[in-house]
Amino acid sequence: MSAYPGTATLLEELDKKLMVLLRDGRTLIGYLRSVDQFANLVLHNTIERIHVGKEYGDIPRGVFIVRGENVVLLGEIDKDKENDLPLKKVSVDDILDAQRREQEAKQEQERLLAKALKERGLHYIPDLSHDDMF
């Protein structure tokens, strides 16, 4: 148990390698260099990791400032388990192409669902919960 209240507990994580899941769904991995009372973070040597199925790709981002209200989940990377991922690393171009195909397939699925519901007299409203973030 930490002796610090609130966001001050993040001080214990300084200079550690962390994974940060953002509200818009992005995953960042980097070294925590600074934190303030609002849980705003400064990450160093940051990568953005994109997962599609059993594959992942890392996009180098460098120094990254994250507003605290956008953090959903934050955790330390276990260095012993980091290299034993059950995923296959692919190039940035390959993972971005796979991500695009996955998003297109999802949009097509939603379009077909909306069409099927409309034929039955129902109105489909897609999930707009992330609309304010893009």
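You'll find the structure just up there.
Report follows, based on the coordinates. (Residues numbered from 1 in each chain as written. Predicted model: local features only at pLDDT ≥ 70, side-chain atom pairs only at ≥ 80, totals over all residues. Heavy atoms only, no water.)

A few words on unusual backbone geometry. Despite not being glycine, Asp15 shows a phi value in the positive range, around 65°. Relative to the assigned elements, Asp15 resides in the segment before strand S1 (17-22). A residue is classified by how much of its surface remains accessible, and Asp15, at 51% relative accessible area, is exposed. Not every positive phi belongs to a glycine, and Asn45 is a case in point at roughly 55°. The residue Asn45 is located in strand S3 (residues 41-52) in this model. (Helix = DSSP H or I, 4+ residues; strand = E, 2+ residues; numbered from the N terminus. Buried < 20%, exposed > 50% of the residue type's maximum accessible area, 1.4 Å probe, protein only.)

Bringing the side chain of Arg49 into the picture now. Counting through the fold element by element, Arg49 comes out in strand S3. Overall, Arg49 belongs to the buried group, its relative accessible area being 13%. A distance of 2.7 Å separates the side chain of Arg49 from the side chain of Asp58, its partner in a polar contact. Those residues in contact with Arg49, other than ones at most four positions away along the chain, are Thr27, Ile29, Tyr56, Gly57, Asp58 and Leu85. (Polar contact = N/O pair within 3.5 Å; in protein donor to acceptor, adjacent residues only side chain to side chain. Contact = heavy atoms within 4.5 Å.)

Taking 1.5 Å per residue, 28 residues should reach 40 Å; helix H2 (residues 92-119) reaches 41 Å between its end C-alpha atoms and fits that length. Positive backbone phi, approximately 85°, marks Gly121, located one or two places after H2. (Expected span 1.5 Å × (residues − 1).)

Counted under the stated rule, the structure contains eleven salt bridges. Put simply, Asp24 and Arg26 hold a salt bridge, and the shortest N to O gap is 2.9 Å. Judged by its relative accessible area of 24%, Asp24 is partly exposed. A salt bridge links Arg111 to Glu108; its shortest N-O distance comes to 2.6 Å. With a gap of three residues between them, Arg111 and Glu108 both fall in helix H2, about one helical turn apart. (Salt bridge = Lys/Arg side-chain N within 4 Å of Asp/Glu carboxyl O.)

Moving on to the environment of Val92. Looking at the secondary structure, you find Val92 in helix H2. For the pair Val92 and Gly57, spaced 35 residues apart in sequence, the C-alpha separation works out to 5.4 Å. Those residues in contact with Val92 that sit more than four places away from it in its chain are Asp58 and Ile59.

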